[in-house]
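Tertiary structure, described
Below are the chains, spelled out letter by letter.
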Amino acid sequence: NWGDGNHWSLTSGGSPAGCPPTSIDNVFFDANSFSLAAQSVTINVPTAYCHNMTWTGTTNTPTFTGTTSGKLRIYGSLTFVGGMSYSFAGKVSFEATDMGNTITMAGQTFKNDVTFDGVGGGWILQDEFTTTSDINLNQGTLTSNNQTVNARMFNSNTGFPRTLNMGSSVFNISWYAGPGFWNVEPGGMTINAGTSTVNGTGNQTGWQPVFNGGGFTYYNLNFTGVNSAEGVIYDNNTFNDVNFSIQGGVIRNSNTFHDVVIGGPGTIWDNNTYHNLTFTPGYTYTLTNGKTQTINGSFTATGNCGALITISSSTPGSQSTISHPAGNVTVDYVVLKDINATGGATYTANSSVDLGNNSGWTINAAVSKDLYW
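Below: a short report on this structure. (Residues numbered from 1 in each chain as written. Predicted model: local features only at pLDDT ≥ 70, side-chain atom pairs only at ≥ 80, totals over all residues. Heavy atoms only, no water.)

So, on to the nonpolar core. One recurring pattern in soluble globular proteins is that nonpolar side chains are buried together. Among the nonpolar cores identified, the biggest contains 84 residues, and M53, F64 and W182 are the most heavily contacted of them. A per-element tally of this core places strand β11 (residues 114–125) first, with four residues. The residues contacting F64, other than those within four sequence positions of it, are W2, V41, I43, M53, W55, L72, F80, M84, S85, Y86, S87 and F88. (Core = buried A, V, L, I, M, F, W, Y, C linked by side-chain atoms within 4.5 Å. Buried < 20%, exposed > 50% of the residue type's maximum accessible area, 1.4 Å probe, protein only. Helix = DSSP H or I, 4+ residues; strand = E, 2+ residues; numbered from the N terminus. Contact = heavy atoms within 4.5 Å.)

Pasting the structure below:
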């Protein structure tokens, strides 16, 4: 038991020290810690404290365990090893107040929430980081160091100074219910997105994956769940690439994108700016009336005779606007209703259907045919 002072010594393999660790004490599990295979260390106190924790050199495949009623608070670095088993079910809190602390997971997985909550603290991931629950960044600087991060949710919504350095990391975030799988509030927050990717990987049937970005700049965002409801983006964010799954997407507030591909039906609110925007054959795209979607690169809406693309305003009789600078915009096999095309480009819709109140388009209607079964 963690709280048993007879299991702690001031030297490796030495005599008992009589007291469990405090927040200023470094703890070591090494070759002298476990005499038999599959022995365990159990957190049996409400809160276990330490400064640095390292399992380097451990033998006999021990288990680090405890129930959800316990909590582990680490005020420095953490080093796990592959030759151990981690089954502690309680929450873990990193609370360093200095920079340069490291976290090495060595293939272990946290079983509950992991919180970073140290004023002026900094943590650098050394390898793939995984928790089956949430990551909460409350204070300090978390640097993913180009490592893969796996979690149920990412939350950072306090007003204290905090920074997320994402590098080229891939963040696989799986939760789709509740407030969202990515929840960031801007007060006190800094995000350095680098060339990172955030994947909304949850696949719960009918649940809506929500990305609350806090108005920051991100690089790539993918909604990958094929059974979930459509993905949703909130806040005035900036993205490089965004890919929605076949369930489609909802874009709320005013965002700036480089590439957006909506693989299913889509609803776009407010004014947004894109470099490239792609709609998928066979689906309907609803643009909020009175708002403008500005596309500076390519607008791809290429349907086919068996899968038309419908583009319409959210309010019948009231136009929504697509704006593109000078050049040619050509779409095929689309159904247009209440869409104003502007910005200087020449707009052509081939083999298409005009449902009325469209302006700025040359709509070349599909040729009618006699079809026999």
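Quick look at the state of the cysteines now. By the definition in use, this model includes zero disulfides. We note that C50 lacks a disulfide partner, and the nearest cysteine sulfur, in C19, lies 16 Å from it. Judged by relative accessible area, which is 0%, C50 ranks as buried. (Disulfide = S-S within 2.5 Å.)

We now examine the sheet that holds strand β12 (residues 129–130). The sheet built from nine strands is open, its strands ordered β12-β14-β17-β20-β22-β24-β26-β29-β32 with parallel pairing. The outermost strands of the open sheet, each flanked by one partner alone, are β12 and β32 (299–301). Bridge count for strand β20 (residues 197–200) against strand β22 (residues 220–223) is four bridges, and the pairing is parallel. Of the residues in β22, the one forming a bridge with T197 is N220. (Pairing = 2+ DSSP bridges.)

Our next topic: the pattern of salt bridges. If charged atoms from side chains of opposite charge come close, those side chains can pair. This model, assessed by the stated rule, comprises three salt bridges. As a salt-bridge pair, R73 and E95 come within 2.8 Å of each other at their nearest N and O atoms. Remark: E95 occurs in the loop between β9 (91–94) and β10 (101–104) and R73 occurs in strand β6 (residues 71–74); sequence separation between them is 22 residues. Close ionic contact of R152 with D134 constitutes a salt bridge, the shortest N to O distance being 2.8 Å. Separated by 18 residues along the polypeptide, R152 in the loop between β14 (149–151) and β15 (153–156) and D134 in strand β13 (residues 134–143) bring together distant segments of the chain. The partly exposed category is assigned to R152, whose relative accessible area is 27%. (Salt bridge = Lys/Arg side-chain N within 4 Å of Asp/Glu carboxyl O.)

Within the fold, T158 resides in the loop between β15 and β16 (162–165). T158 gets classed as partly exposed once you look at its relative accessible area, which sits at 21%. Expressed as a C-alpha distance, the spacing of T158 and V184, which sit 26 residues apart in the sequence, is 8.8 Å. Excluding residues that lie within four positions of it along the chain, T158 makes contacts with N138 and G187. A distance of 2.8 Å separates a polar side-chain atom of T158 from the backbone oxygen of N138. (Polar contact = N/O pair within 3.5 Å; in protein donor to acceptor, adjacent residues only side chain to side chain.)

Turning our attention to the sheet that holds strand β31 (residues 292–295). Read from one edge of the open sheet, four strands run β28-β31-β34-β37, paired in parallel fashion. Two strands lie at the open edges of the sheet, namely β28 (272–274) and β37 (339–342), each paired on one side alone. Neighbour-to-neighbour, the strand axes of this sheet turn through a mean angle of 20°, independent of strand direction. Taken together, the three bridges between β28 and β31 define a ladder with parallel strand orientation. By the bridge assignment for β31, Y274 is matched with I295. (Axes fitted to C-alpha atoms, helices over the stretch in contact; angles between N-to-C directions.)

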